[in-house]
Amino acid sequence: MERIEHKSLSLNGLKMHVAEAGQGPTIIFLHGFPECWYTWRHQLAFFASQGYRAVAPDLRGYADTTGAPASDPAKFTTLHVVGDLISLIGAVAQPDEKVFVVGHDWGAMIAWALCLYRPDKVRALVNMSVAFSRRSPGKPVETLRSVYGDEYYIIRFQEPGKIEHEFAEIGTKTVLKNILTYRKPGPLILPKGKAFPDTPITLPSWLSEEDVDYYASKYDAAGFTGALNYYRALDINWELTAPWTGAQVQVPVKFIVGDLDLTYSSPATKDYIHKGGFKKDCPLLKEIVVMEDVGHFIHEEKPAEVNQHILSFFKSSSTSYCSAL
């Protein structure tokens, strides 16, 4: 197995922790919540063995990447995080190299933003769980509140300090186990006062106690606030991205989602993905894969299958890219 190396890079005002393996064309792996670079452990080793340079940063506010003020959600917009990634690409890629990108959850949202703001930096994209989302007519937080109510997880995450206090009372490992094992194809509701029960959870075969311990160690050290600030910046993102209203993603894309993923549960989302809206917004969308009996953390639950989906797409994109030169 290829050895994973860890570095701390001074980029865009941050000390960014980066895990990487292998040499070759660069793939940037972008994690979501509540994760860090570790969520890509299966992908780093595999793609290094296939002749790629696989790079997985801790995004700002997460784990061992420091320097962003956790007290200020306005410093966690997609513009800030894409700025971090442009600096990262400059540090790890070859001069003028377009990189491959893989995103999941918030990492997928950041990857969509990267492709909107700087398509010149991306050769091809595989995104998981979170499809592209057009800029809405109104602010997203109130829209979500009106649809799902005050106990919807994104709404519960909005007030600084409150959900962090509840998480501390429940315990970091219990919180993480509840989120990482969630497999209900519907909205995540967190009852007020106690977001998760403290009852024992049996872990699935793809997630070990050691895995949870690693995640918990990072959240115990860094806290949840930096990660939650991505949700708290949703309305700020909406305000700042007005210039991209109606803009298309002009990068080759493959999208993968599990049929039990909470992000795939609503009829409106499925209609958007499968009935032309997604393709209209992402005209270079090449393939949509819906994996059966798979939940949200698809790349951890089914790493071998996901790795092959990514590899085949990037190989075909490399052939097309070279033919166009």
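Reading the values: rules and limits
Residues numbered from 1 in each chain as written. Predicted model: local features only at pLDDT ≥ 70, side-chain atom pairs only at ≥ 80, totals over all residues. Heavy atoms only, no water. UniProt positions renumbered as here; feature names shortened; annotations may be inferred. Helix = DSSP H or I, 4+ residues; strand = E, 2+ residues; numbered from the N terminus. Rg over C-alpha atoms; globule rule 2.2 N^0.38 Å. Buried < 20%, exposed > 50% of the residue type's maximum accessible area, 1.4 Å probe, protein only. Contact = heavy atoms within 4.5 Å. Areas by Shrake-Rupley, 256 points an atom, 1.4 Å probe, with all protein chains shown as cover. Lys, Arg positive; Asp, Glu negative; His and termini not counted. Charge placed at Lys NZ, Arg CZ, Asp CG, Glu CD. Core = buried A, V, L, I, M, F, W, Y, C linked by side-chain atoms within 4.5 Å. Pairing = 2+ DSSP bridges. Axes fitted to C-alpha atoms, helices over the stretch in contact; angles between N-to-C directions. Salt bridge = Lys/Arg side-chain N within 4 Å of Asp/Glu carboxyl O.

- Named according to an unreviewed UniProt entry, the protein chain is soluble epoxide hydrolase originating from Perilla frutescens var. hirtella.
- In the Sequence similarities (unreviewed entry) part of its UniProt record, the protein chain is described as follows: "Belongs to the AB hydrolase superfamily. Epoxide hydrolase family."
- The protein chain has a UniProt comment under Pathway (unreviewed entry) that states "Secondary metabolite biosynthesis; terpenoid biosynthesis."

### A look at the overall build of the protein chain
Turning to step 1, where the next piece is worked out: Looking only at helices and strands, one finds 14 helices and eight strands in the protein chain.
Turning to step 2, where the next piece is worked out: For the protein chain, whose C-alpha radius of gyration is 19 Å, the value lies close to the compact-globule estimate of 20 Å for 325 residues.
Turning to step 3, where the next piece is worked out: Projected onto its principal axes, the C-alpha positions of the protein chain cover 60 × 45 × 40 Å.
Turning to step 4, where the next piece is worked out: Going through the 325 residues of the protein chain one by one, you find that 55% of them count as buried.
Turning to step 5, where the next piece is worked out: Sequence separation of 24 or more characterises 78% of the internal contacts of the protein chain that already satisfy a separation of 6 or more.
Turning to step 6, where the next piece is worked out: Of the roughly 13500 Å² of accessible surface on the protein chain, a fraction of 53% belongs to carbon and sulfur atoms.
Turning to step 7, where the next piece is worked out: Charge centroids of the protein chain, computed over 33 positive and 37 negative side chains, lie 5 Å from each other.

### With respect to the nonpolar core
Turning to step 1, where the next piece is worked out: Within the largest apolar cluster, 110 residues are counted, with the highest numbers of intra-cluster contacts made by Phe 33, Phe 278 and Phe 314.
Turning to step 2, where the next piece is worked out: It is helix α3 (residues 106-117) that provides the largest number of residues to this core, a total of ten residues.
Turning to step 3, where the next piece is worked out: The contacts of Phe 278, once residues within four sequence positions are left out, are Trp 112, Ala 131, Phe 132, Phe 255, Tyr 272, Ile 273, Leu 285 and Ile 288.

### Digging into the sheet that holds strand β1 (residues 5-11)
Turning to step 1, where the next piece is worked out: Strands sit in the order β1-β2-β4-β3-β5-β6-β7-β8 across an open sheet of eight strands; the sheet is mixed. Across the chains shown, the open sheet's two edge strands, defined by having one partner strand only, are β1 and β8 (285-291). Each strand axis lies, on average, 20 degrees off the axis of its neighbour in the sheet, ignoring direction.
Turning to step 2, where the next piece is worked out: In the sheet, strand β3 (residues 26-30) pairs with strand β4 (residues 53-57) via three bridges, with the strands oriented parallel. Across the sheet, the residue bridging to Ile 27 is Ala 54, located in β4.
Turning to step 3, where the next piece is worked out: Relative to strand β6 (residues 122-128), α3 is tilted by about 150 degrees, and along the sheet it contacts β3, β5 (99-104), β6 and β7 (253-258).

### Some details on the UniProt feature "domain: AB hydrolase-1" (unreviewed entry) in the protein chain
Turning to step 1, where the next piece is worked out: On the UniProt side, "domain: AB hydrolase-1" (unreviewed entry) is annotated at positions that read residues 27-308 here.
Turning to step 2, where the next piece is worked out: With 42% helix and 12% strand, the stretch residues 27-308 has end C-alpha atoms that lie 14 Å from each other.

### Structural notes on the pattern of salt bridges
Turning to step 1, where the next piece is worked out: Enumeration over the complete set of coordinates arrives at 22 salt bridges.
Turning to step 2, where the next piece is worked out: Among the salt bridges present, the one from Arg 118 reaches Asp 120, with a minimum N-O distance of 2.9 Å.
Turning to step 3, where the next piece is worked out: Residue Arg 118 is classed as partly exposed on the basis of its relative accessible area of 30%.
Turning to step 4, where the next piece is worked out: Between Glu 209 and Lys 177 there is a salt bridge, and its shortest N-O distance comes to 3.0 Å. On the criterion of sequence distance, the pair formed by Glu 209 in helix α8 (residues 209-222) and Lys 177 in helix α7 (residues 172-180) is long-range, its members being 32 residues apart.
Turning to step 5, where the next piece is worked out: Of the residues examined, Glu 209 reaches a relative accessible area of 33% and is grouped as partly exposed.

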